[in-house]
Amino acid sequence: MKTYPFKANIILQKGDITDVSADAIVNAANSYLSHGGGVAYAIVRKGGYQIQKESDEYIRLHGPVKTGEVAVTTAGKLKAKYIIHAVGPIFGIEGEEKLELAIRKSLEKAEELKLSSIAFPAISTGIYGYPYEICARIMSDVFLNFSPNYLKEIYVVLYDEKAYRIFEEEF
Ligand code: ADP
């Protein structure tokens, strides 16, 4: 684990994001908030069906979440207060600017909720196919250009060794 002093502390961590103690956990969600695979499934499996239920209710009321946008639910049985469901782009179909937007909107939502910590997975690098290098570059750019009022800790949680190495190099 390495910490990088910044406007907020950025902490790169290897492992499972559902084990991280942060006020908000960001989920790499799809537009329908249908949490069937990847990190989304891990969050619902551990946090409980309540998260999927609240997600379904959100979709019923507001319709699908656009790429680059976020929706919030509680975190069920997880230690976090909220799950910020961020919809990243699909590699080759939707552009990097949508990934930048999804990351920035997640930070803005955490600020709006006056949270002091947030944990990000490598959004769009699983089922959605983005290379880790691109996600790492965009994340570090967005964090660099963000001035938080409330956030003190931003965790980036990488599920495998390769992802961790690439993010470590970028950050
Ligand atoms: P997307 O559809 O946005 O690509 P995925 O959930 O498929 O979302 O993958 C996003 C990233 O999350 C991938 O790098 C994947 O390895 C990682 N991941 C999967 N499960 C977990 C977990 N439990 N904790 C942290 N990261 C995870």
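Just above sits the structure.
Residues numbered from 1 in each chain as written. Predicted model: local features only at pLDDT ≥ 70, side-chain atom pairs only at ≥ 80, totals over all residues. Heavy atoms only, no water.

## Concerning the layout of surface pockets
Here the largest pocket defines a volume of roughly 600 Å³. Forming the boundary of the largest pocket are 30 residues, of which Ala28, Gly38, Val39, Ala122 and Gly126 lie nearest the centre. Elements represented by at least two residues in the lining of the largest pocket include exactly strand E3 (24-29), helix H1 (38-47) and strand E7 (153-158). Looking at the lining of the largest pocket element by element, the count peaks at 4 residues for H1. (1 Å grid on protein atoms, 1.4 Å probe; cavity = no way out; pocket = protein on both sides within 12 Å on 5 of 7 lines; lining within 4 Å. Points joined across faces, edges and corners; volume = space filled by probe spheres on them. Helix = DSSP H or I, 4+ residues; strand = E, 2+ residues; numbered from the N terminus.)

## Let's talk about the pattern of salt bridges
Inspection of the entire model under this criterion finds 8 salt bridges. With a shortest N-O distance of 3.5 Å, aspartate 23 and lysine 81 are connected by a salt bridge. With aspartate 23 in the loop between strand E2 (9-14) and E3 and lysine 81 in the loop between strand E4 (70-74) and strand E5 (82-87), this residue pair connects regions lying 58 residues apart in the sequence. In this structure, glutamate 57 and arginine 60 form a salt bridge, with 2.9 Å as the shortest nitrogen-oxygen distance. Taken together, the residues span about one helical turn, with glutamate 57 and arginine 60 both in helix H2 (residues 49-62) at a distance of 3 residues. (Salt bridge = Lys/Arg side-chain N within 4 Å of Asp/Glu carboxyl O.)

## A word on the side chain of threonine 73
As for its placement among the helices and strands, threonine 73 is situated in strand E4. Not counting the four nearest positions on each side in its chain, threonine 73 is found in contact with Ile51, Glu54, Ser55, Tyr82, Ile83 and His85. (Contact = heavy atoms within 4.5 Å.)

## Side note on the pairing of E5
The buried fraction of E5 amounts to 5 of the 6 residues, a majority that puts the element mostly inside the structure. Examined bridge by bridge, E3 and E5 share 6 bridges and lie parallel to one another. Looking across to E5, one finds that asparagine 27 is bridged to histidine 85. The sheet contact formed by E4 and E5 spans 5 bridges and is antiparallel. What sits directly across from valine 72, in E5, is isoleucine 84. (Buried < 20%, exposed > 50% of the residue type's maximum accessible area, 1.4 Å probe, protein only. Pairing = 2+ DSSP bridges.)

## A word on a negative patch on the surface
A cluster of like negative charges, contributed by Glu97, Glu100, Glu133, Asp141, Glu169 and Glu170, occupies part of the molecular surface. Along the polypeptide, aspartate 141 turns up in helix H4 (residues 132-144). Aspartate 141 sits in the partly exposed class, given a relative accessible area of 37%. (Patch = residues over 30% accessible without salt bridge, like charges linked within 9 Å, V, L, I, M, F, W, Y side chains within 5 Å. Areas by Shrake-Rupley, 256 points an atom, 1.4 Å probe, with all protein chains shown as cover. Lys, Arg positive; Asp, Glu negative; His and termini not counted. Charge placed at Lys NZ, Arg CZ, Asp CG, Glu CD.)

## Concerning the packing of aromatic side chains
Tallied over the full model, the rule gives 4 aromatic pairs. Summarising the aromatic geometry, the rings of phenylalanine 143 and phenylalanine 171 are spaced 6.1 Å apart at their centres and angled 50° between planes, so their arrangement reads as tilted. Separated by 28 residues along the polypeptide, phenylalanine 143 in helix H4 and phenylalanine 171 in the segment after helix H5 (161-170) bring together distant segments of the chain. For the pair phenylalanine 143 and phenylalanine 171, a shared accessibility class is recorded, and that class is buried. Each residue in the set Phe120, Phe143, Phe167 and Phe171 is aromatic and connected to the rest through ring pairs, giving one cluster. The aromatic ring of tyrosine 164 is capped on one face by lysine 14, whose charged end is 4.9 Å from the ring centroid. (Phe/Tyr/Trp six-rings, centres within 6.5 Å; stacked < 30°, edge-to-face > 60°. Lys NZ or Arg CZ within 6 Å of the ring centre and 35° of its normal.)

## Focus on the site of the ligand
The local shell around the ligand holds 15 residues, among which Val39, Ser124, Thr125, Gly126 and Ile127 are the closest. Here an oxygen atom of the ligand sits 2.8 Å away from a polar atom, N or O, in the main chain of valine 39. Relative to its unbound accessible area of 560 Å², the ligand is 91% covered by the protein chains. When residues of the shell around the ligand are assigned to their parent elements, the largest contribution, 3 residues, is made by H1. Taken together, the residues of the shell around the ligand sort by class into 9 nonpolar, 5 polar and 1 charged. (Near = heavy atom within 4 Å. Polar contact = N/O pair within 3.5 Å; in protein donor to acceptor, adjacent residues only side chain to side chain. Nonpolar A, V, L, I, M, F, W, Y, C, P; charged D, E, K, R; others polar.)

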